[in-house]
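Chain by chain, the residues run as shown.
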Amino acid sequence: MKLLIISAGPGIKEIRLQYGHAIDWISSFINSSSIDIDVKNIYCNEDFDQSFYDGWIITGSAASVTDTHQWIELLKDKIIYASKNSIPTLGICFGHQIISSALGGQVIKNSKGWELGSYKISITDDGLVSPLFKGVDFDDYFYFSHEDIVSQLPDSAIELARNNMGLQAFSIENKTFGVQFHPEFSEQIMDRYVAVRYKRGIIDNY
């Protein structure tokens, strides 16, 4: 199997220097010798043959889906191709948002502000039987670092999870998945994100 990790940003410098990048964290969970991992930096307009890979993972980003960067439009076109050709795709945070936007949903700045830290989510009935959450402890805490939110899903999408801040996960035909939270974070990485965001004045309390 050929897996593509699509990097949507370089990450926060302070965190990258200490803990590495999201592509490192994601790759560390994939230990099967039958899976070959490739990485493309889409935020550098690095193109790729979308027909070459068996599955995609799209990382988070400091960018907003509503930005007008050329690479964002390029990635949306790729996502449309993946959806039409049933390529299994997982979007994380920004990845979750851009999949929704590319396929007809809407993404906005959350009027409730930043969701930053560790919080619980509520799983829908569809989420309880989704392969996305297989083996997941629904009473556990999930890690968040984002300001934008999916305000409207594509017509074909099914909501899998939400909390008081909004939508947190969806699926389309059990092939395309989006999660607003960061399954690749550790507790230490999450704490560092909060500390950096606090130092930059994004949040008032730490």
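Throughout what follows, the structure given in this document is the object of discussion. (Residues numbered from 1 in each chain as written. Predicted model: local features only at pLDDT ≥ 70, side-chain atom pairs only at ≥ 80, totals over all residues. Heavy atoms only, no water.)

## A short note on the environment of isoleucine 108
Logical step 1: Residue position: isoleucine 108 is located in strand β5 (residues 106-109).
Logical step 2: Ignoring sequence-local partners within four residues, the contact set of isoleucine 108 consists of Glu147, Asp148, Ile149 and Ser151. (Helix = DSSP H or I, 4+ residues; strand = E, 2+ residues; numbered from the N terminus. Contact = heavy atoms within 4.5 Å.)

## Notes on the nonpolar core
Logical step 1: Judged by nonpolar contacts, the single largest core of 27 residues is most densely connected at Ile6, Trp56, Trp71, Leu75 and Phe94.
Logical step 2: For this core, the secondary structure elements donating two or more residues are β1 (2-7), β3 (55-58), α3 (70-84), α4 (94-102) and β11 (166-172).
Logical step 3: A total of five residues in this core trace back to one element, the largest contributor, which is α3.
Logical step 4: Counting residues in each nonpolar core, the second largest holds 18 residues, with Ile92, Phe133, Ala169 and Phe177 among its members. (Core = buried A, V, L, I, M, F, W, Y, C linked by side-chain atoms within 4.5 Å. Buried < 20%, exposed > 50% of the residue type's maximum accessible area, 1.4 Å probe, protein only.)

## Some thoughts on the sheet that holds β3
Logical step 1: Reading across the sheet, the eight strands line up as β2-β1-β3-β4-β12-β11-β10-β7 and stay open at both edges, with mixed pairing between neighbours. The open sheet has two free edges, formed respectively by β2 (36-41) and β7 (122-123), since each of these has just one partner strand.
Logical step 2: Pairing of β7 with strand β10 (residues 158-163), which is carried by two bridges, proceeds in the antiparallel orientation. Among the inter-strand pairings, serine 122 is bridged to a residue of β10, identified as arginine 162.
Logical step 3: Strands in contact with α3 are β1, β3 and β4 (89-92); relative to β3, the strand with the most contacts, it is inclined by about 145°.
Logical step 4: Relative to the sheet, α4 contacts β3, β4, β11 and β12 (176-179), its axis offset from that of β4 by approximately 120°. (Pairing = 2+ DSSP bridges. Axes fitted to C-alpha atoms, helices over the stretch in contact; angles between N-to-C directions.)

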